[in-house]
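Listed here are the chains, written in short residue letters.
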Amino acid sequence: MAPRLIITGSTGYIGARLVAMARERGFDVVELGRRPGATWRIGDEPAASDLEGGVAVVHLAHSWATPPEAAEEENVNISGTLKLAEAAKAAGVPRFVFASSTSSRKVALNVYGRTKFRIEDHLASSKAAPIVRIARIGLVYGGPRTAMYGLMAKLAALSPILPMIGLSRKVQPIHLDEVAAGLLALATGENQPLQTFVLAQEKPISFAAWLRILRRAQGKGNLHFIPVPLTAALLACRMTKLLPLIPTVDPERVLGLAGAAPMESGESLRLLKLNLSDPATALAGEFDQTDEEQSRSEAQALLRYLGIAPTEIQLQRLCEGLRREGLSPLGLSPAMIRHPGLLALFEPPANRTRHRLAQALYLADLASEPERRPGKKAGFFGAILAISSDVLLFPLRALLAGRYR
């Protein structure tokens, strides 16, 4: 019979990867949380039938709906975690793995770090203490570009000059796959002498160095910084909620970075037999693979925009042409790729600019030259219609064109 593993927060950035890895390794996974039809949410009393027979509970769920400094009995992240851990102990589950953070400190700048510390403190003195394992997780990267990782990748690629806080702060990146492997090792390992483990790169690097790694991995040039005071950064976070076309940044994340401090991880990595990969190498491989898929999707959209049903040879020639020109994917949205006619909104009037999309379209035109159909001459009314649409759409194009420069 497959070992039974109970995972909360299974739809999140880490949870989804952990579930996939656990199933690949033969576990019977029980997901507690936000799945459709789920009967348990953090704070609820778990059903004994969900826990019995489990080799471990890995608790990743965290509620952001709780008021930041709520009293402990009203904070479901504290009371809910204790309730779940004690129920697991009562059901005979031998291990309860709690996902904490390297920002976990009594005096952490962000509420998230302080809450994680309070949970760790309560677990240590609870009835569940003998089965508790705490995993303090560093700066997670890799996989789908979501959560904090997705935000940082987007910011690093945004511009060669970036206003930023905490540039000298030390961070300890760890790949998403390595976090999942570490949590599985904690969930199944026996005779582990530590109660608190640190899943993070042994050698910390500065936050500035980390952002440069993220930018280089995306095929971009050097990155320069404008140091920003914390108060100005928090104000900017509020502004991001008001301005369109730029990523929204949660002040909690900024405070988490500002308060980052390195932790010793060597002993934990040795006990869990984790040999962490170099972030620059791992990211370069991931972005190359993702860029290739994105380039192909965009090539299809560009050729369809030209009215051509793309063939395999055309797609290959276009992708090779873009690579030779040193052009990385434009980052077209899925809606734009599904409906290439929308690209007309971003195309500037001919011969007025060296817009990146115009270059890509030029290459697409070259790639499809042998199969091109002869163009039809526009009649008088067609010409009037084209000129009128250009005039009417010019303000919208001027507004949107900057996004893909």
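Just above sits the structure.
A quick note: this is a predicted structure, and the numbers were derived from the prediction, not measured.

What counts and what doesn't
- Residues numbered from 1 in each chain as written.
- Predicted model: local features only at pLDDT ≥ 70, side-chain atom pairs only at ≥ 80, totals over all residues.
- Heavy atoms only, no water.
- Salt bridge = Lys/Arg side-chain N within 4 Å of Asp/Glu carboxyl O.
- Buried < 20%, exposed > 50% of the residue type's maximum accessible area, 1.4 Å probe, protein only.
- Helix = DSSP H or I, 4+ residues; strand = E, 2+ residues; numbered from the N terminus.
- Arc of directions from axis to C-beta.
- Contact = heavy atoms within 4.5 Å.
- Polar contact = N/O pair within 3.5 Å; in protein donor to acceptor, adjacent residues only side chain to side chain.
- Pairing = 2+ DSSP bridges.
- Axes fitted to C-alpha atoms, helices over the stretch in contact; angles between N-to-C directions.
- Right-handed = clockwise from strand over helix to strand, strands pointing away.
- Left-handed = near helix turned anticlockwise from the far one by under 90°.
- Nonpolar A, V, L, I, M, F, W, Y, C, P; charged D, E, K, R; others polar.
- Expected span 1.5 Å × (residues − 1).
- Patch = residues over 30% accessible without salt bridge, like charges linked within 9 Å, V, L, I, M, F, W, Y side chains within 5 Å.
- Areas by Shrake-Rupley, 256 points an atom, 1.4 Å probe, with all protein chains shown as cover.

Caption draft 1: Up close: the pattern of salt bridges. The full count for this structure, using the stated rule, is four salt bridges. Here R23 makes a salt bridge to E31, at a shortest N to O gap of 3.2 Å. Taking relative accessible area as the criterion, R23 reaches 44% and is therefore assigned partly exposed. Between R136 and E120 there is a salt bridge, and its shortest N-O distance comes to 2.6 Å. In this pair, R136 is assigned in strand 5 (residues 132–137) and E120 in helix 4 (residues 111–124), connecting sequence segments 16 residues apart. Considered together, R136 and E120 belong to a single accessibility category, that of buried residues.

Caption draft 2: The arrangement of helix 8 (residues 230–240) in detail. Buried within helix 8 we find A233, L234, C237 and T240. Mapping the buried residues of helix 8 onto a view down its axis gives an arc of 115 degrees, with all of them on the same face. Away from its buried face by more than 90 degrees, helix 8 exposes T231, L235 and R238. In this fold, the buried residues of helix 8 make contact with helix 9 (251–258).

Caption draft 3: Highlighting unusual backbone geometry. With a phi angle near 55 degrees, A147 is a residue other than glycine that sits in the positive phi range. Position of A147 relative to the elements: it lies in helix 5 (residues 147–158). Residues other than glycine seldom take positive phi values, yet K273 does so here, at roughly 55 degrees. By relative accessible area, K273 is classed as exposed at 75%.

Caption draft 4: Focus on the side chain of S104. The residue S104 is located in the loop between strand 4 (96–101) and helix 4 in this model. Among the polar contacts listed, one links the side chain of S104 to the side chain of E120, at a separation of 3.1 Å.

Caption draft 5: Representation of the sheet that holds strand 1 (residues 4–8). Strand order across the open sheet formed by six strands is 2-1-3-4-5-10, with parallel pairing between neighbours. One side of each edge strand has no neighbouring strand; the edge strands of this open sheet are strand 2 (28–32) and strand 10 (196–199). Each neighbouring strand pair of the sheet contributes to a mean axis angle of 20 degrees, computed without reference to strand direction. Docked against the sheet, helix 1 (residues 13–24) engages strand 1, strand 2, strand 3 (54–59) and strand 5, running at close to 160 degrees with respect to strand 2.

Caption draft 6: Quick peek at the pairing of strand 1. Most of strand 1 is tucked away: five of the five residues are buried. Residue alternation in strand 1 divides its side chains into two sets, R4, I6 and T8 and L5 and I7, and both sets are buried. As a crossover connection, the stretch from strand 1 through helix 1 into strand 2 is right-handed. Bridging between strand 1 and strand 3 involves five bridges; their strand directions are parallel. Opposite I7, over in strand 3, you have V58 as the bridge partner.

Caption draft 7: Seen up close, the packing of helix 3 (residues 76–90) against helix 4. Two elements in contact, helix 3 and helix 4, have axes whose closest approach is 9 Å; the angle formed by their N-to-C orientations is 35 degrees. Our pair here, helix 3 against helix 4, has a crossing hand that is right-handed. Within the contact between the two elements, helix 3 uses N77, I78, T81, L82 and A85 and helix 4 uses T115, R118, I119, H122 and L123. Its residues placed into classes, the contact of helix 3 with helix 4 shows five nonpolar, four polar and one charged.

Caption draft 8: Molecular detail of helix 1. Under the 1.5 Å per step criterion, the end-to-end length of helix 1 is 17 Å for twelve residues, consistent within 8% with the ideal 16 Å. Taken from the residues just after helix 1, G26 is the one with a positive phi, measuring 95 degrees.

Caption draft 9: Just a nonpolar patch on the surface, in detail. Where nonpolar side chains cluster on the molecular surface, the patch consists of L235, M239 and L242 and spans about 320 Å² of accessible area. By relative accessible area, which is 66% here, L242 ends up exposed.

Caption draft 10: Structural view of the pairing of strand 5. Burial runs high along strand 5: six of the six residues are buried. Covered by surrounding structure in strand 5 are V132, I134 and R136 together with R133, A135 and I137, the residues of both alternating faces. Of the strand pairs in this sheet, strand 4 and strand 5 are connected by six bridges, and their pairing is parallel. Along strand 5, the bridge assignment pairs S101 with I137. Handedness of the crossover is the feature at issue here: the chain leaves strand 4, passes through helix 4, returns alongside strand 5, and the resulting connection is right-handed. Sheet topology note: the strand 5/strand 10 ladder contains four bridges and is parallel. Bridge assignment links I134 to a residue of strand 10, and that residue is T196.

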